Amino acid sequence: MSSLRERINAALETVHDPEIGRPITELGMVRDVALDGGAVTVTVALTVSGCPLREKITGDVTAAVEQVEGVSSVAVELDVMTDEQRTDLRKRLKGGGEERAVPFAARGSLTRVYCIASAKGGVGKSSVTANLAAALALRGLAVGVLDADIYGHSIPRALGVRTMPMQVEQMIMPPIGHGVKVISMGMFTEENAAVLWRGPMLHRALEQFLVDVYWGDLDVLLIDMPPGTGDVQITLAQLLPAAETLVVTTPHLAAAEVAERAGTVALQTKQRIVGVIENMAWAELPTGDVWEPFGSGGGTQVAETLTATLGYEVPLLGRIPIDPGIGAGGDEGVPLVLNRGSSSAASVLLSVGAWIADRPRGLAGRRLALDMA
Ligand SMILES: Nc1ncnc2c1ncn2[C@@H]1O[C@H](COP(=O)(O)OP(=O)(O)OP(=O)(O)O)[C@@H](O)[C@H]1O
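Residues numbered from 1 in each chain as written. Predicted model: local features only at pLDDT ≥ 70, side-chain atom pairs only at ≥ 80, totals over all residues.

## Observations regarding the overall build of the protein chain
From N to C terminus, the protein chain includes 12 helices and 15 strands. The C-alpha atoms of the protein chain give a radius of gyration of 23 Å, which matches the 21 Å a tight globule of 373 residues would have. Once the C-alpha set of the protein chain is aligned to its principal axes, its extents read approximately 75 × 55 × 45 Å. Long-range pairs, those at least 24 residues apart, make up 75% of the contacts in the protein chain with a sequence separation of at least 6. (Helix = DSSP H or I, 4+ residues; strand = E, 2+ residues; numbered from the N terminus. Rg over C-alpha atoms; globule rule 2.2 N^0.38 Å. Contact = placed C-beta atoms within 7 Å.)

## Considering helix α8 (residues 255-269)
Given 3.6 residues to a turn, an α-helix orients residues that are three or four positions apart in the same direction. Helix length check: α8 (15 residues) gives 21 Å between terminal C-alpha atoms against 21 Å at 1.5 Å per residue, within 8%. Looking at the buried side of α8, the elements it contacts are β4 (112-117), α7 (231-239), β11 (244-249), β12 (272-278) and α9 (298-310). Positioned one or two residues after α8, Lys270 has a phi angle of 65°, which is positive. (Expected span 1.5 Å × (residues − 1).)

## Comments concerning the sheet that holds strand β1 (residues 30-36)
Within the open sheet, the three strands sit side by side as β1-β2-β3. Their pairing is mixed. If you trace the sheet from one side to the other, it starts and ends with β1 and β3 (73-80), each paired once. Direction aside, the axes of adjacent strands within the sheet are offset by 15° on average. As paired elements, strand β2 (residues 39-46) and β3 share eight bridges and run parallel to each other. Residue Leu46 lies in a different strand from β3, and its bridge partner there is Val80. Where helix α1 (residues 4-12) meets the sheet, it contacts β1 and β2, and its direction lies at approximately 140° from that of β1. (Pairing = 2+ DSSP bridges. Axes fitted to C-alpha atoms, helices over the stretch in contact; angles between N-to-C directions.)

## Here's the deal with the packing of α1 against helix α2 (residues 54-66)
α2 packs onto α1 with a crossing angle of 140° between their chain directions and a minimal axis gap of 9 Å. Here α1 is positioned oblique relative to α2, judged by the angle of their axes. The hand of the α1/α2 crossing is right-handed. Counting all contacts with α1, which are made through Ile8, Ala11 and Leu12, the residues of α2 involved are Val61, Ala64 and Val65. Taken together, the residues of the contact of α1 with α2 break down into six nonpolar, no polar and no charged. (Parallel < 35°, antiparallel > 145°, perpendicular 65-115°, else oblique. Left-handed = near helix turned anticlockwise from the far one by under 90°. Nonpolar A, V, L, I, M, F, W, Y, C, P; charged D, E, K, R; others polar.)

## Notes on the nonpolar core
By size, the foremost hydrophobic cluster in this structure holds 103 residues, and its most contacted members are Ile116, Ala133, Ile223, Ala262 and Leu349. When residues of this core are assigned to domains, at least three fall in each of domain 1 (4-93) and domain 2 (103-372). Excluding its chain neighbours within four sequence positions, the residues that come into contact with Ala133 are Val143, Val145, Leu159, Val180 and Leu222. (Core = buried A, V, L, I, M, F, W, Y, C linked by C-beta atoms within 7 Å. Buried ≥ 20, exposed ≤ 12 C-beta atoms within 10 Å, placed from the backbone. Domains from an automatic or database assignment.)

## Some words on the site of the ligand
Residues in close proximity to the ligand total 22 residues, the closest being Gly121, Gly124, Ser126, Ser127 and Gly327. Tallied by class, the residues present in the shell around the ligand amount to eight nonpolar, 11 polar and three charged. (Near = placed C-beta within 6 Å.)

## Side note on the sheet that holds β11
Pairing is mixed across the open sheet formed by eight strands, whose spatial order is β8-β9-β5-β10-β4-β11-β12-β15. One side of each edge strand has no neighbouring strand; the edge strands of this open sheet are β8 (176-177) and β15 (316-319). Bridge count between β11 and β12: six bridges; the pairing is parallel. Within β12, the residue paired with Glu244 across the bridge is Arg272. In the packing of helix α4 (residues 125-138) onto the sheet, contacts are made with β4, β5 (143-147), β9 (180-184), β10 (220-224), β11 and β12, and the angle to β10 comes to roughly 170°.

## Structural notes on the UniProt feature "binding site: ATP" (unreviewed entry) in the protein chain
UniProt's feature table lists "binding site: ATP" (unreviewed entry) at Ala119, Lys120, Gly121, Gly122, Val123, Gly124, Lys125 and Ser126, given in the numbering used throughout. Tracing the backbone through its elements, the reader meets Ala119 in the loop between β4 and α4. C-beta crowding within 10 Å serves as the criterion here: with 24 such atoms nearby, Ala119 is assigned to the buried category. The topology assignment puts Val123 in the loop between β4 and α4. Leaving out residues up to four positions away in the same chain, Val123 has contacts with Ser118, Val248, Thr249, Thr250, Leu253 and Asn279. (UniProt positions renumbered as here; feature names shortened; annotations may be inferred.)

## Let's talk about unusual backbone geometry
Unlike most non-glycine residues, His178 shows phi in positive territory, near 50°. Mapped onto the fold, His178 is located in the loop between β8 and β9. Note on His178: 20 C-beta atoms within 10 Å, which makes it buried.

## Some remarks on the packing of helix α6 (residues 199-211) against α7
Look at α6 against α7: their axes get within 10 Å of each other, and the N-to-C directions meet at 45°. Taken together, the axes of α6 and α7 lie oblique to each other. You can see that α6 and α7 cross each other, and the crossing is right-handed. In contact with Gly199, Leu202, His203, Leu206, Glu207 and Leu210 of α6, α7 contributes Asp231, Val232, Thr235, Leu236 and Leu239. Counted by class, the contact of α6 with α7 contains six nonpolar, three polar and two charged residues.

## Quick word on the confidence of the model for the protein chain
Averaged over the protein chain, the pLDDT score is 87; the fraction of residues at 70 or greater is 92%. Within the protein chain, the lowest mean pLDDT, 79, falls on α8, and the highest, 97, falls on α4. Predicted confidence for residues 368-373 stays below pLDDT 50, and this span has four contacts to residues more than four positions away or in other chains. Scoring the predicted complex yields pTM 0.85 and, for the interface, ipTM 0.97. (pLDDT = per-residue confidence, 0-100.)

Following this line, the structure appears as structure tokens:
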């Protein structure tokens, strides 16, 4: 039979750091386990002082150790990592790999990166991104969202994220909302300040979000793009040449114009457009009838035009109806797919999420580093 200390250590291995998602034992956070008969005192070193998750970690350690046979009481003492320990942690998390590389652009990266793009603002791109991210997390996928929309940062709020990212050494720990890791340009600017992002500054900021943020091993990274064509599109195409694009449009936008803009970016950046999502496509009347206030066929037309222009199949992945629950979910920080999963809008969003989830995580069908030149 194992000793009390061994059993306590095994219990501590089940406690994960809430931000990093790895066992605290593996991260070097358990500094000491003192035994006085069955009374246990565990000293945990937090990554930074004033860590907002101290209570959660204390609670998790207590709950895990309390259950160990032979333990009569548990006390948790908190300490803070030394500079050397933080450096060591950063190296461990980066896997000793190249320091300043974009992990998703590395050869062999299995993370699928999708840029959620639109020709114009206000078509619901951010709402779609937040809901798709939540839908993917719901299916058990490891998901991150990078909010690169420099004109409006609605993603953190839509995913219920209210905390700021923590910094450990040069590593930025993304806050997590509904299981989704979130980083937004808005987290690094004064509240509501209109920032005029110039090209080089923008490039550096986006690079930092991809390189210095600890994303961990993601299945999918969604990037909420600013509408239209511009510096963000160019920068991201350089940093993430294998990223793919999902185009969000509404039926009333001139389909030809939407397709032309999206197609031009795809041709210039050589990034593949993998599908079109039509938002605000229809509304259900109290009578049960379907009403299409903005006309119909826009999404199909965009998909068909892109298919013809780009020379490969660009499918229409879904038509999301108008649903006030989308706006309410965004305001409350609980995406519609999580709180009204059976509504028509949620069903479409969940089915697009399923389509993304079912695409292989591997390299199949993707452009490899060799032909990125
Ligand atoms: N299907 C829908 N039904 C009802 N309201 C919607 C729907 N989709 C989005 N909305 C609402 O439309 C508004 C614009 O949506 P959102 O912010 O997601 O668009 P966006 O394209 O990201 O805009 P921007 O680029 O300006 O940030 C929001 O108030 C949102 O709640």
